[in-house]
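Here are the chains, one letter per residue:
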Amino acid sequence: MANKLINQMGLPKSIVNIFTARNIITAKDALSHTEFELMELLDVGKEEVTSAMAHVSEVVCPPCQTALLLLEQRVLNESLAGHLSTRLKGLDEALCGGIPFGVLTELVGPAGIGKTQFCLKLSLLASLPTNCGGLDGRVIYIDVESKFRSKRLIEIGINSFPEIFLKKGMAQEMAGRILILHPTSLSEFAERVSLLQQQVKLLIIDSMAALVLGEHDSEASRQQALGWHVSFIKSLAEFSRIPVVLTNQVRSQIGDESRMYSFQGQRFIKLAKSPISAPLAFPFKITSSGLVLLDDEGIEMKGPEINTIHCQGLSLSTLAVSSAEYILRTKNA
Ligand SMILES: Nc1ncnc2c1ncn2[C@@H]1O[C@H](COP(=O)(O)OP(=O)(O)OP(=O)(O)O)[C@@H](O)[C@H]1O
């Protein structure tokens, strides 16, 4: 707007010529002066300058918007952008339809909480036909630590969508839509990024931390690499307008990193850092059909508790779903 040309604003030709003669070409050039300076510079009267500047300001000023209009636009953008339904009623409602397209969604929690189980279910949902509520697409599943189990995928499919998975050949067809990659680095994946054009409707990276840790020795170089990785994946999400889900394991400062927690108490999915939802926590369990919410209402969390991940020795164990800034947490959060 500031670079808009004075001679294209519908001002009288006489005044345009005076501006041009004094090398005042754009709206910015004109608006950088006070009216008195312009009177002196252009050698014209106050009335003419005031009227010309009012016209220039009007042309370059962004149109007025009400709060209601901004809200309506946001809702419209959201619905155009789309969501991948998780089929977890409370979570979908809080997320305005599910995992959003075009942005990164991070699943973070301790080992064994259910991040991979959640990813398996999302993969199935993206590959299901649209008349069954899916996206009828292909999925790229970056399985960094070789935790993908096709047997478990089929088990979740049969128990969640028996009408599809029990039909002859359908389980194979659905599973065939999920392409598993085992890159040892993101650069290796980046070389195959053209795969995203082939009807891919979901990208999963399980786990992001492992992808970065595998490539770099020192903490400083990891953090630097993470910045690059996140920008790259963010732009992939924005460019391809598909949901991108990353997992990230929270590790205990004291514990043995490799062992799974036993989760004696209740597991919770917390919705943290969502730009559209209240900070909610949903109790869940894992069954043969995948993650199941025990309550669709959710518990509203007040204060910093929403960003806390509980793991060992506590009754509350958490899987956090967040769709905002990305933080590499290699220590107990
Ligand atoms: N068939 C099943 N029925 C019920 N629960 C299951 C089944 N298969 C796996 N689980 C549960 O899933 C949990 C493991 O989840 P998952 O592998 O998703 O963990 P994760 O968060 O991805 O861990 P990591 O960070 O180590 O990859 C186990 O606690 C187990 O209780």
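Residues numbered from 1 in each chain as written. Predicted model: local features only at pLDDT ≥ 70, side-chain atom pairs only at ≥ 80, totals over all residues. Heavy atoms only, no water.

1. Here we look at the overall build of the chain
Along the backbone of the chain there are 13 helices and 12 strands. Counting every position in the chain, which comprises 333 residues, the buried fraction comes to 47%. Sequence-distant contacts in the chain: of pairs separated by 6 or more residues, those separated by 24 or more amount to 69%. Accessible area of the chain: about 16800 Å², with a carbon and sulfur share of 55%. (Helix = DSSP H or I, 4+ residues; strand = E, 2+ residues; numbered from the N terminus. Buried < 20%, exposed > 50% of the residue type's maximum accessible area, 1.4 Å probe, protein only. Contact = heavy atoms within 4.5 Å. Areas by Shrake-Rupley, 256 points an atom, 1.4 Å probe, with all protein chains shown as cover.)

2. With respect to the pairing of strand β6 (residues 200-206)
Within a regular strand, the side chains alternate between the two sheet faces. Among the seven residues of β6, six are classified as buried, and the element is accordingly described as predominantly covered. As paired strands, strand β4 (residues 138-143) and β6 are joined by six bridges and run parallel to one another. When the sheet's bridge partners are listed, Arg138 is paired in β6 with Val200. As defined by bridge partners, β6 adjoins strand β7 (residues 244-250) across three bridges and the pair is classed as parallel. Following the sheet pairing, Leu203 is matched in β7 by Val244. (Pairing = 2+ DSSP bridges.)

3. Section: the pattern of salt bridges
In the structure shown here, the tally under the stated rule is six salt bridges. Salt-bridge contacts for Lys46 lead to Glu35; the nearest nitrogen and oxygen are separated by 3.9 Å. Taken together, the residues Lys46 in helix α4 (residues 46-60) and Glu35 in helix α3 (residues 35-42) connect sequence positions 11 residues apart. We note a salt bridge from Arg177 to Asp136, for which the minimum N-O separation is 2.8 Å. Residue Arg177 is found in the loop between α10 (170-176) and β5 (178-181), and its partner Asp136 is found in the loop between α7 (115-127) and β4; the two are separated by 41 residues along the sequence. Arg177 gets classed as buried once you look at its relative accessible area, which sits at 17%. (Salt bridge = Lys/Arg side-chain N within 4 Å of Asp/Glu carboxyl O.)

4. Remarks on the confidence of the model for the chain
With 85% of its residues at a pLDDT of 70 or more, the chain has an overall mean of 83. Confidence scores differ between elements of the chain, with strand β12 (residues 317-322) showing the lowest mean pLDDT of 67 and α7 the highest of 96. Contacts for the low-pLDDT stretch residues 254-261, under 50 throughout, to residues beyond four places or in other chains number 13 contacts. A low-confidence stretch, residues 324-333 stays under pLDDT 50, and its non-local contacts, those more than four residues away or across chains, total 40 contacts. (pLDDT = per-residue confidence, 0-100.)

5. Quick look at the site of the ligand
Near the ligand you find 16 residues, and of these Gly112, Lys115, Thr116, Gln117 and Lys147 are the closest. Contact distances for the ligand include 3.0 Å between an oxygen atom and a backbone N or O atom of Gly114. Between the ligand and Gln117 there is a distance of 2.8 Å, counted from an oxygen atom to a backbone nitrogen or oxygen. Protein chains bury 75% of the 650 Å² of accessible surface belonging to the ligand in isolation. Listing elements by their share of the shell around the ligand, those giving two or more residues are α7, α8 (150-160) and β9 (280-287). Ranked by residue count, the leading element in the shell around the ligand is α7, at three residues. Tallied by class, residues from the shell around the ligand come to four nonpolar, seven polar and five charged. (Near = heavy atom within 4 Å. Polar contact = N/O pair within 3.5 Å; in protein donor to acceptor, adjacent residues only side chain to side chain. Nonpolar A, V, L, I, M, F, W, Y, C, P; charged D, E, K, R; others polar.)

6. Points about the nonpolar core
Judged by nonpolar contacts, the single largest core of 42 residues is most densely connected at Leu84, Leu91, Phe118, Leu122 and Ile269. A total of seven residues in this core trace back to one element, the largest contributor, which is α7. When residues no more than four places from it in sequence are discounted, the contact partners of Leu84 are Gly97, Gly98, Ile99, Phe101, Leu122, Leu125, Ala126, Leu135, Leu202 and Pro243. If you look at the next biggest cluster of nonpolar residues, it comprises 26 residues, including Leu181, Met208, Leu236 and Ala237. (Core = buried A, V, L, I, M, F, W, Y, C linked by side-chain atoms within 4.5 Å.)

7. A word on unusual backbone geometry
Residue Ser207 is reached from Asp206 by a cis peptide bond, and omega for that bond is 5°. Of note, Ser207 is situated in the loop between β6 and α12 (208-213). Look at Asn23: it is not a glycine, yet its phi comes out positive at around 65°. By secondary structure assignment, the location of Asn23 is in the loop between α1 (13-21) and α2 (27-31). Phi at Asp136 is positive, roughly 50°, even though this residue is not glycine.

8. Structural notes on the packing of α7 against α8
At a minimum axis separation of 10 Å, α7 and α8 run at an interaxial angle of 60°. Between α7 and α8, the angle falls in the class oblique. In the packing of α7 onto α8, the handedness of the crossing is right-handed. On the side of α7, the interface is formed by Gln117, Leu120, Lys121 and Leu124, while α8 contributes Arg152, Leu153, Ile156, Gly157 and Ser160. Considered class by class, the residues forming the contact of α7 with α8 number four nonpolar, three polar and two charged. (Axes fitted to C-alpha atoms, helices over the stretch in contact; angles between N-to-C directions. Parallel < 35°, antiparallel > 145°, perpendicular 65-115°, else oblique. Left-handed = near helix turned anticlockwise from the far one by under 90°.)

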